[in-house]
Amino acid sequence: MNNAEEIKVTQRSTKEKDQLITRLKRIEGQVRGIQSMIENERYCVDILTQISAINAAMNKVGLHLLEKHTQHCVSDAIKDGDGEEAIQELMEVFKRFSKST
């Protein structure tokens, strides 16, 4: 990132931050569990099931963030007259997000 670029931030309530961090820590624990499963030579299907659960959990976090971004950041930008740029950014995010699901 070049120094002239603006670093964007999003204010979140303490409750929302805590919920997101809790979910991510749970996912982190699941990933560590998969590492252990591989070390202990667990059955492939069991590992794949856990990977599927992690992907679903990450998608849930992503959808939550996408919803909040749309409801607040994009909505505010439209109200402030910067809707075109915000909508273009949102569409790029949708494209990236849909590739990962």
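Fair warning: this is a prediction, and the values are worked out from it, not measured in the lab.

Novice: Can you walk me through the nonpolar core in this structure?
Specialist: Among the nonpolar cores identified, the biggest contains seven residues, and these are Leu 20, Ile 27, Ile 34, Met 37, Ile 47, Ile 54 and Val 61. Every element with two or more residues in this core is listed here: α1 (14–39) and α2 (44–79). With four residues, α1 is the largest single contributor of residues to this core. Setting aside chain neighbours within four positions, we find Val 61 in contact with Leu 20, Arg 23, Leu 24 and Ile 27. Ala 77, Ala 86, Leu 90 and Phe 97 belong to the second largest nonpolar core, which has six residues in total.

Novice: Help me understand a nonpolar patch on the surface in this model?
Specialist: On the surface, Ile 78, Ile 87, Met 91 and Phe 94 cluster together into a nonpolar patch covering about 350 Å² of accessible area. Take the nonpolar patch: its biggest share by element is three residues, from helix α3 (residues 83–100). Relative to the helices and strands, Ile 87 resides in helix α3.

Novice: Before we go on, may I ask you to explain a negative patch on the surface in this structure?
Specialist: The grouping of Asp 76, Asp 80, Asp 82 and Glu 85 at the surface amounts to a negative patch. When you line up the elements, Asp 76 lands in helix α2. By relative accessible area, which is 39% here, Asp 76 ends up partly exposed.

Novice: Got a minute to help me understand the environment of Arg 42 in this structure?
Specialist: Along the polypeptide, Arg 42 turns up in the loop between α1 and α2. Taking the C-alpha atoms as reference, Arg 42 lies 36 Å from Phe 94; in sequence the two are 52 residues apart. Once residues lying within four places of it in the same chain are set aside, the contact partners of Arg 42 are Met 37 and Ile 47.

Novice: Whenever I open this one, α1 confuses me. Can you help?
Specialist: Every α-helical turn comprises 3.6 residues, leaving residues that sit three or four positions apart pointing alike. For α1, built from 26 residues, the straight-helix expectation of 38 Å at 1.5 Å per residue is met to within 8% by its first-to-last C-alpha distance of 37 Å. Listed in full, the buried residues belonging to α1 are Glu 16, Leu 20, Ile 27, Ile 34 and Met 37. Contacts made by the buried residues of α1 are with α2. Looking one or two residues past α1, Glu 41 carries a phi angle of roughly 55°, positive in sign.

Novice: Looking at this model, I keep getting lost on the side chain of Glu 16. Mind explaining?
Specialist: Relative to the helices and strands, Glu 16 is located in helix α1. Buried and without a salt bridge, Glu 16 has Arg 12 as its closest oppositely charged side chain, separated by 4.0 Å. Once residues within four sequence positions are removed from consideration, Glu 16 is found in contact with His 64 and Lys 68.

About the cut-offs
Residues numbered from 1 in each chain as written. Predicted model: local features only at pLDDT ≥ 70, side-chain atom pairs only at ≥ 80, totals over all residues. Heavy atoms only, no water. Core = buried A, V, L, I, M, F, W, Y, C linked by side-chain atoms within 4.5 Å. Buried < 20%, exposed > 50% of the residue type's maximum accessible area, 1.4 Å probe, protein only. Helix = DSSP H or I, 4+ residues; strand = E, 2+ residues; numbered from the N terminus. Contact = heavy atoms within 4.5 Å. Patch = residues over 30% accessible without salt bridge, like charges linked within 9 Å, V, L, I, M, F, W, Y side chains within 5 Å. Areas by Shrake-Rupley, 256 points an atom, 1.4 Å probe, with all protein chains shown as cover. Salt bridge = Lys/Arg side-chain N within 4 Å of Asp/Glu carboxyl O. Lys, Arg positive; Asp, Glu negative; His and termini not counted. Charge placed at Lys NZ, Arg CZ, Asp CG, Glu CD. Expected span 1.5 Å × (residues − 1).

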